[in-house]
Amino acid sequence: MLRYRPSLLTLAFRFALPFGVLFAAAAAVSSAQPAGPGGPPQGGAIAGRVVDAATGAPIGFATVALYQAPDTAFVTGTVTGDDGAFLIERLRPGTYEVRVSFVGYASRSIGDVAVRPGPPVALGDVRLEEAAAQLDETEVTAQRELVEQQADRTVYNVANQPVSTGGSALETLQTLPSIEVDTDGNLALRGNQNVAVHINGRPVPVRGAFLAGMLRQIPATNVERIEVIPNPSARHEADEMGGIINIVLKQGTSRGLSGGFTLGGGSAPAGEASGNVSYQQGRFDGTASYGLRYDDFDMVAFSDRTVFDSTGTSGTRSLQDFSATNGFLSHLFNGTLDYTLRPGLFATLNGSLSARFGDTDNFSTVDVAPTGGSATGREVQITDGGHDGTNADVSLGLRREFAPQTHTLSAEARFTRNWDEDDDAFTFRSLDLDDPASSDSSFSRNLVAYTTHEGYFQTDYVRPLGRGRFEAGGKGTVRRQDNDLLFEDLIDGEYTTNPDRTNRFVLDEHVYAGYLQAAHPVGPVEVQLGLRAEAFSRDYALTAAEQEDTGAIALRLDLFPSAFVSYTYGEGSLVKASYSRRINRPRHFMLNPFTTFEDQFNIRRGNPDLLPEFTDAFELTLQYRYFLTLTPFYRRTTDPIRQRLTVGEDGVSVFSFQNFDEDESYGADLTLALALPGNRLRGFLSGSAFRSVTDGGSIESGLAADALGWNVRGNVQANLRRGTDLQLFAFYRAPLDVPDGRISGFGVATLGLSQKLLNDRATVSLRVNDVLSTSRFQWRTEDETRNYTFFGERNPDLQQVNLTFTYTFGQQPRRRPPPRPQEQPQQDGGFGF
């Protein structure tokens, strides 16, 4: 039975409380500043726009640094937006020097800029000239830092990492602080798996195994940077509770024609062949890339289940051995076309098409024995599976810049179709170990077609408001997910439909959203407040022989406030506090009530009565000179969705989902970044510790979990000599308590070596993954009420050696990023470099 969510009065109180606290803090800081005769001092500001000297095209993400004249002491800085514009505020009266730089262009300095209280000093268009096509030694060493702090996100510049070259985007994510990737490819941010993944600022419409498969298709060599947004603002969708991971692909072009290709192979075996070509001329800017990947990976597992009788002294023990061999071939094509229709009006067409083909062979044996005795029976299951899928995505965006430093209107329409098909053939054998002649065999097969259609239309409007900024936008999303399962048994030489295992589950969802967001300085503090409203409806239909079910949630409105306060007090030093309210709506596989069989002893069943979970998240970021970043956080979740494992008297494990009562989690991330002069040695050491208390007393008396978890990782890259880099990455996650059980620790270490050749146009990279073969882990579940114990172990066999060769031609990429309505960086006066 669905329950009604908090009242509007409760929501209003939750909305007003954090805003009141943050406003009070900002006002206190502001009132502490000395006031002049006419009230608080009004600082000066500098505004301008960085453009290409040859074409006049804006240059996004250029670095603007401000120095005090005449002693040239660094004061502050910022980065330009997509439109090339920048604004540096709250400056003391005086004379400054402005230095502007961007990779691929010659830097430019503007001296004797006199700043006085009042309107910003307008520098107009700051034109940068193209640098030489060949990067010299000085430019090579002046590379971007590994980690950058921006207003609402942390940016990791991961291009050309030796430890991920030859791998996939999924393996690149594994090397970053706070992000965890388990052996099945599931992502978690600070232990929360409800993480939204974006590619180039656009949400990926699939989750779970389908998302992992898509990320494995993207070569690591195509990834430019990864942006982590742990506490999204109101401009982002509310159903991104655990945060956002935005993967930005290399799509830049230079004047004229440029491109490159990559060839690689590994011992799994694995192989990669990819290439890209770009062309920019006048108003036209296009790029296209193609990637071919083959991955082969194995996995072995073991489980031990014991189900006791009512006395708890005797029962049945089941010992299962499981092995899987997986091979996947994938093709991925991406294309982007930017065209300037006229000055101030830009159009962007994006498209991608991917196809994947895979085979999975599973072998499982289960020995059944009385407790304390020898096995009397054996169950064998052999699975020969094929997995195919395609994904097509197309979007069209328009961006209107009415005038520099005024307002911008953008619109985007997007449609995505994802299709996956699993075709599995099963062989079941039941053996009586005391009488082998009485063995019995059966054969069956299934065909599962899973299709997702999603379309949306979105508009965003941004306008300066005095010394601040105002934003507003809307988005409408329509999504259909269709899961069609046909199961057949071989009877008398013919395959016949098994109605007990055949079903179709269709889920339709509609989300209509609007948001308002404003930012404004209060003294030396930047304050940003936002409110998002989302109207959501859902209906589903299950069709099966003996289990037909329908359900719906009528259109309902939820409010999601957000607030950010930031204070920058020096180069690479800031204090930032944030609050947001988010929602996690149950996914397709969580709701489907039909029972699906992984094997005879492991079944899954969804719960159509699941409620969405709401989370109030608070976070504080303390950064000192890029070197030290400490981020304490606190989250409170109502109706948290948790997976439950129960074991029946027949020894069969049932995985399902339930709403627990409440979950409170808190902890902190600590990152230490290191960079020696000349970048001969750089890297980071990070760790996370958290406590999560989950209460499920309304489900079962005493059902709860009090988990204390921590993890640590390090990533160090050393420049051995010009063009030669050695990199080491290591990760360890400590054991963790979960409802009904405990998961053991897990670790992995990867070593990479790269060498540049042919005047830095080519790179040869060697990577050794899971050097110490430590990726196996265990889990244990016990339930005294139901009298069962469950122990399992998995070894994903991640160890692999990979060799990759990359070559580029043409000029170095420096194309401005295309307009991304959802991912525009917020300029807060910080200096992210």
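Reading the values: the criteria
- Residues numbered from 1 in each chain as written.
- Predicted model: local features only at pLDDT ≥ 70, side-chain atom pairs only at ≥ 80, totals over all residues.
- Heavy atoms only, no water.
- Helix = DSSP H or I, 4+ residues; strand = E, 2+ residues; numbered from the N terminus.
- Buried < 20%, exposed > 50% of the residue type's maximum accessible area, 1.4 Å probe, protein only.
- Contact = heavy atoms within 4.5 Å.
- Areas by Shrake-Rupley, 256 points an atom, 1.4 Å probe, with all protein chains shown as cover.
- Phe/Tyr/Trp six-rings, centres within 6.5 Å; stacked < 30°, edge-to-face > 60°.
- Pairing = 2+ DSSP bridges.
- Axes fitted to C-alpha atoms, helices over the stretch in contact; angles between N-to-C directions.
- Core = buried A, V, L, I, M, F, W, Y, C linked by side-chain atoms within 4.5 Å.
- Salt bridge = Lys/Arg side-chain N within 4 Å of Asp/Glu carboxyl O.
- Polar contact = N/O pair within 3.5 Å; in protein donor to acceptor, adjacent residues only side chain to side chain.
- Patch = residues over 30% accessible without salt bridge, like charges linked within 9 Å, V, L, I, M, F, W, Y side chains within 5 Å.
- Lys, Arg positive; Asp, Glu negative; His and termini not counted.
- Charge placed at Lys NZ, Arg CZ, Asp CG, Glu CD.

A. Region of interest: the overall build of the protein chain. Within the protein chain, the regular secondary structure consists of five helices and 46 strands. Within the span of the protein chain, comprising 833 residues, buried residues form 52% of the whole. Across the protein chain, every contact between residues at least 6 apart in sequence was considered, and the portion connecting residues at least 24 apart equals 67%. Counting only carbon and sulfur atoms, one obtains 58% of the accessible surface of the protein chain, whose full area is about 35,000 Å².

B. Looking closely at the environment of Ala513. Locating Ala513 in the fold gives a position in strand 26 (residues 503–522). Given a relative accessible area of 14%, Ala513 falls into the buried group. When the C-alpha atoms of Ala513 and His236 are compared, they prove to be 9.9 Å apart, with 277 residues separating the residues in sequence. Excluding residues that lie within four positions of it along the chain, Ala513 makes contacts with Gly473, Gly474, Lys475, Arg532, Ala533 and Glu534.

C. Representation of the packing of aromatic side chains within the structure. One pass over the full model with this rule turns up 17 aromatic pairs. Taking the centre distance of 6.4 Å and the plane angle of 10° together, the rings of Phe560 and Phe614 count as stacked. Residue Phe560 is found in strand 28 (residues 549–570), and its partner Phe614 is found in strand 32 (residues 613–624); the two are separated by 54 residues along the sequence. Of the two residues examined, Phe560 and Phe614, each falls in the buried class. Taking 5.8 Å as the distance between ring centres and 70° as the angle between the ring planes, the aromatic pair formed by Phe589 and Phe657 counts as edge-to-face. Placement of the pair is Phe589 in helix 5 (residues 588–591) and Phe657 in strand 35 (residues 653–659), with a sequence separation of 68 residues. A relative accessible area of 11% means that Phe657 is categorised as buried.

D. Structural context of the sheet that holds strand 7 (residues 121–128). On the basis of which strands lie adjacent, the open sheet formed by three strands has the order 4-1-7 and mixed pairing. A strand with exactly one partner marks an edge of an open sheet, and here the two such strands are strand 4 (85–91) and strand 7. Each strand axis lies, on average, 20° off the axis of its neighbour in the sheet, ignoring direction.

E. Structural detail: the nonpolar core. Membership of the largest hydrophobic core comes to 25 residues, with the highest contact counts inside it found for Leu173, Ile179, Leu187, Leu215, Ile218 and Val223. Put simply, the parts of the chain that give this core at least two residues each are helix 3 (169–174), strand 10 (179–181), strand 11 (187–189), strand 12 (196–199), helix 4 (208–217), strand 14 (223–229) and strand 15 (244–249). Counting 20 residues, the second-largest nonpolar core is a separate cluster that includes Ile46, Phe61, Leu66 and Val100.

F. The arrangement of unusual backbone geometry in detail. Between Ala268 and the following residue, Pro269, the backbone shows a cis peptide bond with an omega angle of 5°. Locating Pro269 in the fold gives a position in the loop between strand 16 (256–266) and strand 17 (270–281). One non-glycine residue, Ser773, lies in positive phi territory at about 55°. Residue Asp797 is not a glycine yet carries a positive backbone phi of 55°. Take Asp797: it is sitting in the loop between strand 45 (788–795) and strand 46 (800–809).

G. Region of the structure containing the pairing of strand 1 (residues 44–52). Across the nine residues that make up strand 1, a large majority, nine, are buried. Where strand 1 lies against strand 7, six bridges are found, and the strand directions are parallel. Counterpart to Asp52 in the pairing with strand 7 is Leu128.

H. Broad picture of the pattern of salt bridges. Taken as a whole and assessed by the stated rule, the structure comprises 30 salt bridges. Taking the shortest distance from any N to any O, the salt bridge between Lys475 and Glu237 comes out at 2.6 Å. Within this pair, whereas Lys475 is found in strand 24 (residues 468–491), its partner Glu237 is found in the loop between strand 14 and strand 15, the two being separated by 238 residues in sequence. Between Glu471 and Arg469 there is a salt bridge whose closest N-O contact spans 3.0 Å. By relative accessible area, which is 16% here, Arg469 ends up buried.

I. A look at the pairing of strand 45. Across eight bridges, the pairing between strand 18 (residues 284–308) and strand 45 is antiparallel. Its bridge partner lying in strand 45, Val300 is registered against Asn795. Bridge count for strand 44 (residues 777–783) against strand 45 is seven bridges, and the pairing is antiparallel. Note that in strand 45 the partner of Trp779 across the bridge is Gly792.

J. Highlighting the side chain of Asp296. As for its position among the elements, Asp296 is in strand 18. Using a relative accessible area of 16% as the deciding quantity, one classes Asp296 as buried. Side-chain polar atoms of Asp296 contact the side chain of Tyr294, separated by 3.2 Å. Leave out the neighbours within four places in its chain, and Asp296 touches Ala268, Pro269, Thr325, Asn326 and Gly327.

K. Summary view of the environment of Ala369. Structurally, Ala369 is set in strand 20 (residues 345–370). Taking the relative accessible area as the measure of exposure, Ala369 reaches 10% and is therefore buried. Apart from residues lying up to four places away in sequence, Ala369 is in contact with Gly315, Thr316, Arg317, Ser374, Ala375 and Thr376.

L. Local environment of a negative patch on the surface. There is a patch of like negative charges on the surface, built from Asp359, Asp361, Asp384 and Asp423. Topologically, Asp361 is positioned in strand 20. A relative accessible area of 40% places Asp361 in the partly exposed class.

M. How the structure looks around the environment of Asn350. One can find Asn350 in strand 20. With a relative accessible area of 9%, Asn350 lands in the buried category. Sequence-wise, Asn350 and Leu396 are 46 residues apart; in three dimensions their C-alpha atoms are separated by 6.5 Å.

N. Broad picture of the side chain of Glu412. Within the secondary structure, Glu412 is located in strand 22 (residues 408–432). At 3.1 Å, the side chain of Glu412 forms a polar contact with the side chain of Tyr456.

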